[in-house]
Amino acid sequence: QVQLVESGGGVVQAGGSLRLSCEASGNTDGLFCMAWFRQAPGKERDRVATIHTRRYATYYADSKDDRFTLFLDSAKNTLYLQMNSLNPEDTAMYYCAAAGSVPSCPLSDYKYWGQGTRVTVSS
C-alpha cells in the first residue's frame, strides 16, 4: 500500500505561483510513476504531468505550456509541481496519484490517490 498526502494549494491572484507537494509513504519502492491530475468544477479529471520514478523522465500533458514544472525528491519521497503564471483556468482540485503495476504506467494503473489540494486563481 502507498499513502499520498498533498499540500500547497490555496488562493492566488492571476499571474502568481504555487508549489504543490505530494509526500508518499508506505511501499514506495514498488512504484513506477507518479503524476498530478486536476479536476475543474464541472469537468473531467485530466492528467497534468507524470514522472517515471525509475527513469526520472517527465511528461507534460501540454508540451507547449511551460508554466508547470514537475520534480521528484527521492530522498524525501516527495513529488512537487511548481506552477507559475497561473490563470483562472487553472482553478481546480489537484490530485497526486501513483502507479506501480507495469513500467508503462497506463491511466488505469493509477490506483493510489491523495485527498487533493484545492487551487483557486482569482482574476
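The coordinates are above.
Residues numbered from 1 in each chain as written. Predicted model: local features only at pLDDT ≥ 70, side-chain atom pairs only at ≥ 80, totals over all residues. Heavy atoms only, no water.

(A) Representation of the nonpolar core within the structure. Ranked by internal contacts, the top residues of the largest apolar core, which has 27 residues, are L4, M34, W36, L79, L81, M83 and Y94. Mapped by element, the contributors of at least two residues to this core are β1 (2–7), β3 (18–26), β4 (33–39), β5 (45–52), β7 (68–73), β8 (78–83), β9 (92–99) and β11 (117–122). If near-sequence neighbours (up to four positions away) are discounted, L4 is found in contact with C22, E23, A24, M34, C96, A97, A98, Y112, W113, G114 and Q115. Core analysis: the next-biggest nonpolar cluster, separate from the first, contains 8 residues, F32, A97, C105 and Y110 among them. (Core = buried A, V, L, I, M, F, W, Y, C linked by side-chain atoms within 4.5 Å. Buried < 20%, exposed > 50% of the residue type's maximum accessible area, 1.4 Å probe, protein only. Helix = DSSP H or I, 4+ residues; strand = E, 2+ residues; numbered from the N terminus. Contact = heavy atoms within 4.5 Å.)

(B) Layout of the sheet that holds β3. Reading across from one edge, β1-β3-β8-β7 is the order of the 4 strands in this open sheet, with antiparallel pairing throughout. Edge strands, defined here as strands with exactly one partner in the open sheet, are β1 and β7. On average, each strand axis in the sheet is inclined to that of its neighbour by 15°, with strand direction left out of account. (Pairing = 2+ DSSP bridges. Axes fitted to C-alpha atoms, helices over the stretch in contact; angles between N-to-C directions.)

(C) How the structure looks around unusual backbone geometry. Backbone geometry places Y56, a non-glycine residue, at a positive phi of 55°. By the secondary structure assignment, Y56 is in the loop between β5 and β6 (57–60). Of the residues examined, Y56 reaches a relative accessible area of 45% and is grouped as partly exposed. Even without a glycine there, the phi angle at C105 is positive, about 50°. In this fold, C105 is placed in the loop between β9 and β10 (110–113).

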